[in-house]
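# Report on the structure
Given next are the chains, with one letter for each unit.
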Amino acid sequence: SSRTHSLSHQHHPSPPASKEVWKKGGRMFSILLAVHLALLACTLVSSGAFEKIAVHDYDVFFLLTVMMLIVIVWIIFYLVSTSRSPDAILCKDSHAGPVWLRGGLILFAIFSLVMDVFKIGYYSSFYSCLSAIKIIYPIVQAIFVIVQTYFLWISAKDCVHAHLNITRCGLMLTLTTNLAVWMSAVTDESVHKAHSKLKKNVTEEIFKWLMKAGMRSGSTEECNCNSQICQIFKNGYFWLYPFNIEYSLFASAMVYVMWKNVGRFIDHHSHHIHRLKFRLFRRTFFVGIVLGLIILVSGLGVLIVYEVRVNSSHETSKKNEALTMYYIFNIVCLGLMSLVCIGGSVIYRFDKRDMDRHKNPTRTLDVALLMGAALGQYAISYYSIVAIVASTPRDTISALNLTYALLMIAQHTFQNIFIIEGLHRQPPKEDHKHDLRQKDPYGLTFVNVNAVSLRVPDSGSTVTPSTLPSIEAIHPSELVQSLAGPKKMNWRRKFLREISMFLLLSNIILWIMPAFGARPQFDNDKELNFYGDSMWPAIVDICLPFGIFYRMHAVASLLEVYI
């Protein structure tokens, strides 16, 4: 017993002392580098969108090309030199880069590569009247996507302890490059949508005059794109922009976690390892899956009708019908999601799992991204509420739009509470097996409740608390409670899984709809008339990508916590 007592008080060895003496200084230097590069890229990207400013789009492409080439060189240096140095990677962060996040990154990378192929084909049609950088840029971007995706797939979990300052600066440069590419894609897509809307509403002569007075039309407007293959390339790469935007945001999140893990030591005794297990159809009532599939299929139907009636038709009646159908679907979907999130938060009040208070950069980033990305949709909703309340007259579409905006705020809030609470819970364990092993030192699984005393096979003597001081005595009532406990826990976990499956499928359709063109913010004239043709599109163009990214990140967080 004394030996057992001494072993129970033995401390685990502490992690080795870090050789780094300038950790905060190294981080600060890399942050300053990222801030200055981000401001420079933001200035060039925003200036290149307007005709009157003497900054051309090929100037932006040149900067982005140089940044991507530097990142490619650093990644090759990391893979060849840094990661292979002695004691370079002493431990790995099991929470960083889960397989579904890396799988989503690869999916978006594939579509980004297809977009680059379309861009190369489109710009190659005008090689005689375009700057060479417009053809070089998509080629370099394709190489950058391939190299970075491979780098993040094999190195996302690394806790690097070699070339610390170079690694921090390289990761921050990678992060800044992804954000700059994201800003460029968002600006390019916004300019394209603004031009398309102008062309739809005005004649060709007025459109040319507006291009000279305001936003840049792009140098490709001066070239003829009359062939069918050219039109396919042009429409194709604009349709694939949302995937490239999401790829840049996903990569930025994974690179930030790597940056936080530079020089970090992990306590493996408190660091739980999560392995992907495909148990979607185990221990479930299928209610969440069925309801989620109904929402998903219905949303796809609404998206198709919306695209046909709003984006391809000029009749006001058909446009109003499509907007009404869109708002009704979203009101039902957001209302159900809000209710199940509230129900999940109530179930948490009965959950006995402990809170996980260990240091976890991945979880910290997940929470920050959920809260930060939700601000984009919050901003759009509040701007819509002000415009609808302050404007007259008020029709049916305005009432539906107001309800939609209010429910969007409520749904984001309740879903964030539900997901963040799940992120801070300990992972589910087989509590009954754990309890039985603690109370039964001989590994017995089936116990006669009436036989309170346990017999030792070798000596035949009865085990009592006096003979084993380190083992707690087993009382019949405690044994019955430990055996009955799992049944009480099961229903909570089943309901949480049903809720998570419904939220996962609902978030997917709410990501697909705006990503593929269902954006009532541009088609509802109430906000346009209230804020003007320049202010309101700028608000939507800045905030909407964050809302789209929020849906994808919510899906990844739900997979990580509940599935």
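Report follows, based on the coordinates. (Residues numbered from 1 in each chain as written. Predicted model: local features only at pLDDT ≥ 70, side-chain atom pairs only at ≥ 80, totals over all residues. Heavy atoms only, no water.)

Each helix and strand counted, the chain has 18 helices and four strands in total. A total of 563 residues make up the chain; the buried ones form 49% of that total. Contacts in the chain between residues at least 24 apart in sequence constitute 88% of all its contacts with a sequence separation of at least 6. (Helix = DSSP H or I, 4+ residues; strand = E, 2+ residues; numbered from the N terminus. Buried < 20%, exposed > 50% of the residue type's maximum accessible area, 1.4 Å probe, protein only. Contact = heavy atoms within 4.5 Å.)

On to the packing of aromatic side chains, then. Here the structure, examined in full by the defined rule, presents 24 aromatic pairs. Aromatic pair Tyr122 and Tyr123: ring centres 5.5 Å apart, planes at 45 degrees, arrangement tilted. Side by side, Tyr122 and Tyr123 carry an identical accessibility label, which is buried. When the ring of Tyr306 is compared with that of Tyr326, the centres are 5.3 Å apart and the planes differ by 45 degrees; the resulting orientation is tilted. On the criterion of sequence distance, the pair formed by Tyr306 in helix α10 (residues 287-311) and Tyr326 in helix α11 (residues 316-348) is long-range, its members being 20 residues apart. Under the relative-accessibility criterion, Tyr326 is labelled buried at 3%. Feature note: the residues Phe108, Phe111, Phe243, Phe250, Trp511 and Phe549 constitute an aromatic cluster, connected by ring pairs. (Phe/Tyr/Trp six-rings, centres within 6.5 Å; stacked < 30°, edge-to-face > 60°.)

The next thing to look at is a nonpolar patch on the surface. A cluster of nonpolar side chains, contributed by Ile328, Val332, Leu336, Leu339, Ile342, Val346, Phe350, Phe414, Ile417, Trp491 and Phe495, occupies part of the molecular surface with about 960 Å² of accessible area. Here the nonpolar patch takes six residues from α11, the largest share from any one element. By secondary structure assignment, the location of Phe414 is in helix α13 (residues 396-423). Residue classification places Phe414 among the partly exposed residues on the basis of a relative accessible area of 31%. (Patch = residues over 30% accessible without salt bridge, like charges linked within 9 Å, V, L, I, M, F, W, Y side chains within 5 Å. Areas by Shrake-Rupley, 256 points an atom, 1.4 Å probe, with all protein chains shown as cover. Salt bridge = Lys/Arg side-chain N within 4 Å of Asp/Glu carboxyl O.)

Okay, the side chain of Ser155 next. Its location among the elements puts Ser155 in helix α5 (residues 133-155). The buried category is assigned to Ser155, whose relative accessible area is 3%. If we ignore the near neighbours within four places in the chain, the residues touching Ser155 are Tyr78, Leu79 and Met258.

In this section: the pattern of salt bridges. This structure, assessed with the given rule, holds two salt bridges. A salt bridge links Lys92 to Asp158, with the nearest nitrogen and oxygen atoms 2.5 Å apart. Separated by 66 residues along the polypeptide, Lys92 in strand β1 (residues 89-92) and Asp158 in strand β2 (residues 158-160) bring together distant segments of the chain. For Lys92, a relative accessible area of 43% gives the class partly exposed.

Right, let's get into the nonpolar core. Formed by 132 residues in total, the largest nonpolar core has its most connected members in Phe151 and Phe418. Mapped onto the domain boundaries, this core takes at least three residues apiece from domain 1 (21-206 + 226-265) and domain 2 (282-426 + 488-562). (Core = buried A, V, L, I, M, F, W, Y, C linked by side-chain atoms within 4.5 Å. Domains from an automatic or database assignment.)

Before going further, it helps to examine the environment of Ala374. Mapping Ala374 onto the fold places it in helix α12 (residues 361-390). For Ala374, a relative accessible area of 0% translates into the label buried. The spacing of Ala374 and Arg551 is 177 residues in sequence and 9.1 Å in space, taken between C-alpha atoms. Contact partners of Ala374, with chain neighbours within four places excluded, come to Leu369, His412, Asn416 and Tyr550.

For the rest of this paragraph, the subject is the side chain of Arg168. Here Arg168 is to be found in helix α6 (residues 164-201). Among the polar contacts made by the side chain of Arg168, one reaches the main-chain carbonyl oxygen of Val262 at a distance of 3.4 Å. (Polar contact = N/O pair within 3.5 Å; in protein donor to acceptor, adjacent residues only side chain to side chain.)

This paragraph deals with the environment of Ile136. Take Ile136: it is sitting in helix α5. When the C-alpha positions of Ile136 and Ile120 are compared, they lie 8.4 Å apart, and in sequence the two are 16 residues distant.

Moving on, we come to the packing of helix α4 (residues 99-124) against α5. As a packed pair, α4 and α5 sit with axes 9 Å apart at the nearest point and diverge in direction by 165 degrees. Judged by the angle between their axes, α4 and α5 are roughly antiparallel. At the point where α4 passes α5, the crossing takes the left-handed sense. Counting all contacts with α4, which are made through Arg102, Gly103, Leu105, Ile106, Ala109, Leu113, Met115, Asp116, Lys119, Ile120, Tyr123 and Ser124, the residues of α5 involved are Lys134, Ile135, Tyr137, Pro138, Ile139, Gln141, Ala142, Val145, Ile146, Thr149, Leu152 and Trp153. (Axes fitted to C-alpha atoms, helices over the stretch in contact; angles between N-to-C directions. Parallel < 35°, antiparallel > 145°, perpendicular 65-115°, else oblique. Left-handed = near helix turned anticlockwise from the far one by under 90°.)

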